[in-house]
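The lines below spell out each chain.
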Amino acid sequence: FIQRQRALALWKEIVRSTSNIPDKAARKDMRQFARSEFEQQRNVTDLGHIRYLISYGKTQFQTMRGTLINSGVLTE
């Protein structure tokens, strides 16, 4: 239950951040990428693996976000 909440919180953070991308196509692409990543792991039940996926997803998101900010595509 707690891991599900953490995964949903990560998803919400991604959606909120991508809403700041002014280019509609880029915003849509980013959300589709994130959604496909979540969908691929939908049936994972091992708690340790779920924790790893959430941690890895956060790291990936922060890296992507930093790159978008540095390139001027995304505002903080």
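Residues numbered from 1 in each chain as written. Predicted model: local features only at pLDDT ≥ 70, side-chain atom pairs only at ≥ 80, totals over all residues. Heavy atoms only, no water.

If you look the protein up in an unreviewed UniProt entry, it shows as LYR motif-containing protein 2 from Clathrospora elynae. Under the UniProt heading Sequence similarities (unreviewed entry), the note attached to the protein is "Belongs to the complex I LYR family." Taken directly from UniProt, the Function (unreviewed entry) text for the protein runs: "Involved in efficient integration of the N-module into mitochondrial respiratory chain complex I." (UniProt positions renumbered as here; feature names shortened; annotations may be inferred.)

K.L.:
Describe the overall build of the protein, listing the residues and the values that go with them.
P.N.:
From N to C terminus, the protein includes 3 helices and 0 strands. Along the chain direction, N to C, the helices and strands of the protein fall in the order α-α-α. Each principal axis of the C-alpha atoms in the protein carries an extent, and together these give about 40 × 20 × 15 Å. Counting all 76 residues of the protein, 20% fall into the buried class. (Helix = DSSP H or I, 4+ residues; strand = E, 2+ residues; numbered from the N terminus. Buried < 20%, exposed > 50% of the residue type's maximum accessible area, 1.4 Å probe, protein only.)

K.L.:
So what about the side chain of Thr18? Which residues, and what values?
P.N.:
Structurally, Thr18 can be placed in helix α1 (residues 2-18). Apart from residues lying up to four places away in sequence, Thr18 is in contact with Arg27, Met30 and Arg31. (Contact = heavy atoms within 4.5 Å.)

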